[in-house]
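Report on the structure
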Amino acid sequence: FISSDERPTRAMPPFVGRAVLSTARRRATIDLFPRPCGLSFSSSSMSAVRPVESFENTSRVATISTARTCTAAPVFGPQSSTSTLCAGTRLFSSSSAADESERRDKLMGYNLEDEQCNVTPTIAARVGTNLHLQPKHPLNTIKNIIEEYWKSYEANAPFEAHDDLSPVVPTNLNFDSLLIPPDHVSRSKSDTYYLRDEVVLRTHTSAHQTTLLRSGVDRFLVTGDVYRRDEIDSSHYPVFHQMEGVRMFTDEELREAGLSKTESSEVELVKFAEADLKAGLEGMARALFGNVEMRWVDEYFPFTDPSYELEILFEGEWMEVLGCGVVHRNIVQDVGRGRQPGWAFGLGLERLAMVLFDIPDIRLFWSQDERFHSQFESGKIVKFTPYSKYPPCFKDISFWCSGADIKPTDSSFHPNDLYEVVRDVGGDLVEKVELIDDFIHPKTGRISNCFRISYRSMDRSLTNEEIDALQEKVRELTVDKLGVELR
């Protein structure tokens, strides 16, 4: 979900996690994940991907399961047709210090050296970590609170909970099935991680929506890691976690409400779904934030109609909690459900956890430092106490965005490409990358950029010597991979 006033040149696809604080004069955006499924392995067996028989075999349906069997998920890989690619193939459930063979298993055999692939080793190493499944982790706590809420919302209508569906999905499930336009910026390789031209690391958990709807599931929650190429700062990370919920109303539920899929008007069905959606989500917000003031804001998303954002009054300012809406009628028809009404919502776990746990830097979620993890307990929201603040180390890099022999208008440079280079070299030592100066040469028209890279460890002091070595590598790769000319 994306606000119409947020970064029009970098709009994002479904169910985006970010917080928007509104004041009387303007909307100040805390843009955690700007713009717009699990897999299982063991240390003893990492080479084979085996077919699964149902979504129950590919995702955790434990505490909220209706035990309904879903469509089988075939094995797929680089040689498979993406038309048979199902978003439920299971490969792993936890992270491992993988070698190249193991990493390729986690990515379903796709080769990072393929010319169509823009997934870096740093990103590939994150696949399968599944922070949302780790006990005591703040993301796991938020996930469990939301799952428990929907478990008790209606005792006779439980939600299936899927939390380890494969993040490797075909583009038609990630974009086309959700009515994302072919020319949408989120499809570009500057914004999305591609393993092949028709296979991506999912950019949202909505990539599984139509697969589950086709299988006959009426109520489900999907939680998982999602991937987007983005800027680097304390609230942005290329891997984050989303949770979405979908509810479709059965014929019996419609009859109890005096409605019918065949006889009721479209307006009546939409209003019924909308009322149930708002009532349920307001209750969920109270389960997370307590008895807070709320308001609904009209929005636009391509996959829901009508669409809304739920905001709460938090610490004196309006903060967006989630995006939602009535499932678009075209999607419902495409999955073979006729005029069946339903709703969907989506939210970002990191965004909520940063607010509820007072966690100041999104990198902390990936920390292995016991000083971070020892502060939390399963099922409890506790305020994070910073344990250190080491000094930053700043390094600048200036370059012409195209070589001397390339016309300025032909330059393919995109800031996200630089962020990937820096992230791959410096990893989580990179706190922030920001453009501090740019200009156009008055005679040649060439564009010059100067970026400042802030290095800071959350666990130790850094030395100039080690950062100088990293910066030199950044400079080399910036030229080699991006085709720019250093100044």
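That block above? That's the structure.
This write-up is about the structure you can find in this document. (Residues numbered from 1 in each chain as written. Predicted model: local features only at pLDDT ≥ 70, side-chain atom pairs only at ≥ 80, totals over all residues. Heavy atoms only, no water.)

Brief notes about the pattern of salt bridges
Taken as a whole and assessed by the stated rule, the structure comprises 30 salt bridges. D197 is the salt-bridge partner of K189, the closest N and O atoms lying 3.2 Å from each other. Among the residues examined, D197 registers a relative accessible area of 36% and is labelled partly exposed. With a closest N to O distance of 3.0 Å, R247 and E253 form a salt bridge. With relative accessibility at 3%, the residue R247 sits in the buried group. What makes E253 buried here is its relative accessible area of 14%. In the salt-bridge network here, residues are joined through shared partners; they are E154, R219, R247, E253 and D276. (Salt bridge = Lys/Arg side-chain N within 4 Å of Asp/Glu carboxyl O. Buried < 20%, exposed > 50% of the residue type's maximum accessible area, 1.4 Å probe, protein only.)

A look at the sheet that holds strand β5 (residues 194–196)
Spatial ordering of the open sheet is given by β4-β6-β5, a layout of 3 strands whose pairing is antiparallel. Two strands close off the open sheet at either side, each with one partner strand: β4 (168–170) and β5. On average, adjacent strands in this sheet sit at an angle of 35° to one another, irrespective of strand direction. Both β5 and strand β6 (residues 199–201) contribute to a ladder of 2 bridges, which runs antiparallel. Its bridge partner lying in β6, R196 is registered against V199. (Pairing = 2+ DSSP bridges. Helix = DSSP H or I, 4+ residues; strand = E, 2+ residues; numbered from the N terminus. Axes fitted to C-alpha atoms, helices over the stretch in contact; angles between N-to-C directions.)

Topic: the packing of aromatic side chains
Inspection of the entire model under this criterion finds 23 aromatic pairs. The interplanar angle of 35° and the centroid separation of 6.2 Å between the aromatic rings of W343 and F345 together place this pair among those described as tilted. The same class applies to W343 and to F345, which are both buried. Here the aromatic rings of Y419 and F451 are separated by 6.4 Å at their centres, their planes lie at 85°, and the arrangement is edge-to-face. Here F451 lies in strand β15 (residues 447–455) and Y419 lies in helix α12 (residues 415–426), a separation of 32 residues in the sequence. The pair Y419 / F451 is uniform in exposure class, with both members buried. Members of the aromatic cluster, connected to one another through ring pairs, are Y149, W150, Y153, F159, W343 and F345. The lysine or arginine in question, K189, covers the ring of Y194, its NZ or CZ lying 5.7 Å from the ring centre. Across from the ring centre of Y308, 4.1 Å away, lies the NZ or CZ of K278, which sits over that ring. (Phe/Tyr/Trp six-rings, centres within 6.5 Å; stacked < 30°, edge-to-face > 60°. Lys NZ or Arg CZ within 6 Å of the ring centre and 35° of its normal.)

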